[in-house]
Amino acid sequence: MVVGVITWEIQIFDARSLKEKRKVVKSLKERLRSRFNLSVAETDYQDSWQRAELTAVIVATDRPYADKVLNKADALVESAALGRIAGSWREFY
């Protein structure tokens, strides 16, 4: 069993309030959950309206599969027109 974790630090340029930021973050979390069956949470910057940190986790039987899914999730976050990815980290356990 492998646990894959990926974290993105995202700058959201179009958000003018926490409400707008949460709408963007919620949409992205739902897309990651429905498309890749990942557990996703906003893990930092909850009170900042132009920054977000999202962490997604997958539990898989082998590392190549977990890595493949996390690569696709990373591509989805990069392609989402919500801002700029300031950083991305990946770990496997």
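Data block above holds the structure.
A brief report on the enclosed structure follows. (Residues numbered from 1 in each chain as written. Predicted model: local features only at pLDDT ≥ 70, side-chain atom pairs only at ≥ 80, totals over all residues. Heavy atoms only, no water.)

### Observations concerning the pairing of strand β1 (residues 2-11)
Just so we agree on the cut-off: The buried label goes to any residue with under 20% of its type's maximum accessible area, the exposed label to any with over 50%, and the partly exposed label to all in between, with areas taken from a 1.4 Å probe on protein chains only. Secondary structure elements are defined from DSSP: runs of H or I of at least 4 residues count as helices, runs of E of at least 2 residues count as strands, and each element is numbered from the N terminus. Note on pairing: two strands pair once DSSP finds at least 2 bridges between them.
Taken across its 10 residues, β1 has 8 buried, putting it largely inside the fold. Sheet topology note: the β1/strand β3 (residues 51-60) ladder contains 10 bridges and is antiparallel. Within β3, the residue paired with G4 across the bridge is I58. As paired strands, β1 and strand β4 (residues 84-92) are joined by 8 bridges and run antiparallel to one another. Among the inter-strand pairings, V5 is bridged to a residue of β4, identified as E91.

### What to know about the packing of aromatic side chains
Basically, it comes down to this: Aromatic contacts are taken between Phe, Tyr and Trp rings whose centres are within 6.5 Å, Trp giving its six-membered ring; a plane angle under 30 degrees counts as stacked, one over 60 as edge-to-face, and the others as tilted. Any Lys NZ or Arg CZ that is within 6 Å of a ring centre and within 35 degrees of that ring's normal is treated as a charge sitting over the ring.
Applying the stated criterion across every chain, the model contains 0 aromatic pairs. Taking the ring centre of Y45 as reference, the NZ or CZ of R51 above it sits at 4.0 Å.

### Digging into the sheet that holds β4
Note on sheets: strands pair through backbone hydrogen bonds, and any given pair is parallel or antiparallel. Cut-off, in case you're wondering: Working convention: axes come from line fits to C-alpha atoms, limited for helices to the stretch in contact. Angles between N-to-C directions cover 0 to 180 degrees. In this description, contact between two residues means that some pair of their heavy atoms is separated by no more than 4.5 Å.
Read from one edge to the other, the open sheet built from 4 strands follows the order β2-β3-β1-β4, with strand pairing classed as antiparallel. Each edge of the open sheet is held by one strand with a lone partner, namely β2 (39-44) and β4. Between one strand axis and the next, the sheet turns through 20 degrees on average, direction left out of account. In this sheet, β3 lies alongside β2 in antiparallel orientation, the contact comprising 5 bridges. Note that in β3 the partner of D44 across the bridge is E53. Together, β1, β3 and β4 form the strand contacts of helix α2 (residues 63-79), whose direction differs from that of β4 by roughly 170 degrees.

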